[in-house]
Amino acid sequence: DDFVIGDKLTLSDTTAQQGQIIINAGADEENAFEVFDGATSRFALDIDATTAAFLKIVTINTSGNIIDIQAADSLTTGSIIYLKSNSASTGLRNLLSITNNNTAAVNTKCFFLQQNAAFTGFGIVQNANAVAMDFETYATTATGIRVVTSNQTSGSIFHITNADALTTGGMF
């Protein structure tokens, strides 16, 4: 049976699976699902999933953003996205994985950062005795690592500091 709220929202139980809700929205410019919570000490939406992925997005969007987080302008010390894992598993895994799976998409960057403020644009803190960053490429003729600094008029392209404890090995 369907549960209809006005002419904009229909909640449909079209399957026999417990807890499944299907939302059919109205016009193109309306949100299909919206959560507003003015409280400051709780989550507006809390999803608890056990073994399956809790969010799957399938879209036919060809030019817009699939996930668009806006109006984080009140943020003073927190993060727009906070991802945390406290698993003790020693299995090899990636906590964030981005894949461009189509070899014909030659102008696609898998990861892009833009920092408009005069502060560090990318930082890594490695708190364990391991490599902080690996670059692996299977290119046969292309450059492995490229640094573009077209506007730099002074300073250093690479600056290594606090390497005083180095007793064996080398800088490069």
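Novice: How do you make sense of the overall build of the protein chain when you look at a structure like this?
Specialist: From N to C terminus, the protein chain includes zero helices and three strands. Mapped in sequence order, the helices and strands of the protein chain form the string β-β-β. With 172 residues in all, the protein chain has 1% of them scored as buried. Look at the contacts in the protein chain between residues 6 or more apart in sequence, and 0% of them connect residues 24 or more apart.

Novice: Any chance you could explain the confidence of the model for the protein chain here in plain terms?
Specialist: In regions of low pLDDT, the predicted coordinates are not meant to be interpreted in detail. Chain-level statistics for the protein chain give a pLDDT mean of 83 and a share of 80% at 70 or above. Put simply, strand β2 (residues 9-12) is where the protein chain has its lowest mean pLDDT, 59, and strand β3 (residues 22-24) is where it has its highest, 61.

Novice: I tried to follow unusual backbone geometry on my own but got confused; where do I start?
Specialist: Negative phi is the rule for most residues except glycine; trans is the rule for most peptide bonds. Its identity as a non-glycine residue notwithstanding, Ala71 has a phi of 60°, on the positive side. Relative to the helices and strands, Ala71 resides in the segment after β3. According to the relative accessible area criterion, Ala71 is exposed, its value standing at 71%. A positive phi angle, close to 55°, is found at Asn162, a residue other than glycine. With respect to the element layout, Asn162 can be found in the segment after β3.

Novice: Help me out: how do you make sense of the environment of Glu136 in this one?
Specialist: Counting through the fold element by element, Glu136 comes out in the segment after β3. Separated by 2.4 Å, the side chains of Glu136 and Tyr138 make a polar contact.

Reading the values: the criteria
Residues numbered from 1 in each chain as written. Predicted model: local features only at pLDDT ≥ 70, side-chain atom pairs only at ≥ 80, totals over all residues. Heavy atoms only, no water. Helix = DSSP H or I, 4+ residues; strand = E, 2+ residues; numbered from the N terminus. Buried < 20%, exposed > 50% of the residue type's maximum accessible area, 1.4 Å probe, protein only. Contact = heavy atoms within 4.5 Å. pLDDT = per-residue confidence, 0-100. Polar contact = N/O pair within 3.5 Å; in protein donor to acceptor, adjacent residues only side chain to side chain.

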